[in-house]
Amino acid sequence: MVIRKRPLNRRELARSDQDIIEVGGQQQLTVREIKVKVDLTKFVEESNFKFDRVYDCHVQNESIYLECIRPLVDATFRKLKTTCFAYGQTGSGKTFTMMGNNDAQSQSPGLYLLAAHDIFHLLKTSFSHLQLFISFYEIYCGKVYDLLNDRSLLHVREDAKGHICIVGLQETQVVQISSLMELINYGMSVRVTSFKIYM
Ligand SMILES: Nc1ncnc2c1ncn2[C@@H]1O[C@H](COP(=O)(O)OP(=O)(O)OP(=O)(O)O)[C@@H](O)[C@H]1O
Ligand SMILES: [Mg+2]
């Protein structure tokens, strides 16, 4: 598991919030939470965690990609099954990491785009006999929806060999980076958000 710290945002800076996370080396993370005892005196509770890799907020997406994701791309072409997903509370930096940052001052591609460059390069060179298909689904309130097929409701079943299958999940062939990124953007746009609920 890889952890990436995000910097304090504008609201937190305006409130003079304290940064309670400290990255200590490549694998160490310290959280210093301010707590209150029963007699109402404040104290700092320090917790130390160890992860496979910890990144401070100034580390670029490219560095994270090269160290953590590029080896997964290579492994996939050696027929291994690999997974990469971002998990964290709202505002923790998932979109910034996976989709990148389009700010005029600091543009940086996300992990999807960086992986796509290498995947298409490998498909055009050493692996020209392979084709790339993608599917994109959402798990929401215990149900599975196909984001590339009109949010159709899907059923997850186990086959006779004990493999989990998402029955009827659409697989779309992609032949270039721009169409892959368009599909990802489309899928993201039809996901359920707190303001948009599909019945
Ligand atoms: N490493 C970072 N460096 C600079 N800014 C960052 C970093 N990580 C996140 N941010 C900024 O923090 C804000 C929240 O990040 P982001 O939108 O990626 O969160 P999220 O996890 O996708 O949230 P949500 O679950 O609500 O979609 C954004 O303005 C983003 O630009
Ligand atoms: Mg997001």
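Everything numeric in this text was worked out from a predicted model, so none of it was measured.

Moving on: the domain arrangement of the chain. It is common to report an interface's size as the accessible area lost on association of the parts. Per the domain assignment, the segments making up the chain are domain 1 (1-59), domain 2 (60-128) and domain 3 (131-199). Summarising the inter-unit geometry, the C-alpha centres of domain 2 and domain 3 are found 19 Å apart. Taken together, the contact between domain 2 and domain 3 spans eight residues of the former and ten residues of the latter. For the domain 2 and domain 3 pair, buried surface summed over both sides reaches about 820 Å², with 88% attributable to carbon and sulfur atoms. When residues of domain 2 are sorted by the area they lose upon contact with domain 3, M99, Y112 and F120 head the list and together hold 59% of the total. In this assembly, domain 2 and domain 3 are joined by zero salt bridges. Inspection of the domain 2/domain 3 interface yields zero residue pairs in polar contact (both at pLDDT 80 or more). Among the residues forming the side of domain 2 that touches domain 3, the class breakdown is seven nonpolar, one polar and no charged.

Hydrogen bonds between backbone atoms are what pair the strands of a sheet, whose relative direction is either parallel or antiparallel. Spatially, β2-β3-β4 is the arrangement adopted by the three strands of the open sheet, whose pairing is antiparallel. For this open sheet the edge positions go to β2 (21-24) and β4 (42-50), each flanked by a neighbour on one side alone. Each neighbouring strand pair of the sheet contributes to a mean axis angle of 25°, computed without reference to strand direction.

A few words on the sheet that holds strand β11 (residues 152-158). Within the open sheet, the four strands sit side by side as β9-β10-β11-β12. Their pairing is antiparallel. What marks the edges here is a single partner per strand, and that holds for β9 (137-140) and β12 (164-167). Each strand axis lies, on average, 35° off the axis of its neighbour in the sheet, ignoring direction. Note: β9 against strand β10 (residues 143-146), four bridges, orientation antiparallel.

Here the distance between the centres and the angle between the planes together describe a pair of aromatic rings. Applying the stated criterion to the full structure yields two aromatic pairs. Measuring from centroid to centroid gives 4.7 Å for F77 and F127, while their planes differ by 50°, and the two rings are tilted. Here F77, found in helix α2 (residues 61-77), pairs with F127, found in the loop between α4 (111-124) and β8 (132-134); they are 50 residues apart in sequence, far enough to count as distant. The lysine or arginine in question, R151, covers the ring of Y145, its NZ or CZ lying 4.8 Å from the ring centre.

Cut-offs and rules
Numbering of residues begins from 1 in every chain and follows the order in which that chain's sequence is written. To read the labels, note that chains go from A and ligands from 1, taken in the order they are written. Per-residue local features of the predicted model are confined to residues with pLDDT of at least 70, and side-chain atom pairs are confined, for both listing and counting, to 80 or more; whole-chain, interface and lining totals are unaffected and use all residues. The basis for the side-chain values is all heavy atoms of the structure; hydrogens and waters are excluded. Boundaries of every domain are those given by an automatic assignment or by a domain database. Residue contacts follow a heavy-atom distance rule, with two residues in contact if any of their heavy atoms lie within 4.5 Å. Buried area is calculated as the accessible area (1.4 Å probe) missing from two parts once they are joined, with the contributions of both summed. Should a side-chain nitrogen of Lys or Arg be within 4 Å of a carboxyl oxygen of Asp or Glu, the pair is scored as a salt bridge. Identification of polar contacts relies on pairs of N or O atoms within 3.5 Å, with a donor-acceptor requirement for protein atoms, meaning one able to donate a hydrogen and the other able to accept it, and with residues adjacent in sequence counted only if both atoms are side-chain atoms. We call Asp, Glu, Lys and Arg charged. Ala, Val, Leu, Ile, Met, Phe, Trp, Tyr, Cys and Pro are nonpolar, and the rest, Gly among them, are polar. Note: two strands are recorded as paired if DSSP finds a minimum of 2 bridges between them. Secondary structure elements follow DSSP: runs of H or I of four or more residues count as helices, runs of E of two or more count as strands, with numbering from the N terminus. An axis is simply a line fitted to the C-alpha atoms; with a helix, the fit covers only the stretch in contact. Between two such axes, the angle follows the N-to-C directions and lies from 0 to 180 degrees. Here a Phe, Tyr or Trp ring, Trp counted by its six-membered ring, pairs with any other such ring whose centre lies within 6.5 Å, and the pair is stacked when the planes are under 30 degrees apart, edge-to-face when over 60, and tilted otherwise. Here, a charge over a ring is recorded when the distance from Lys NZ or Arg CZ to the ring centre is within 6 Å and its angle to the ring normal is within 35 degrees.

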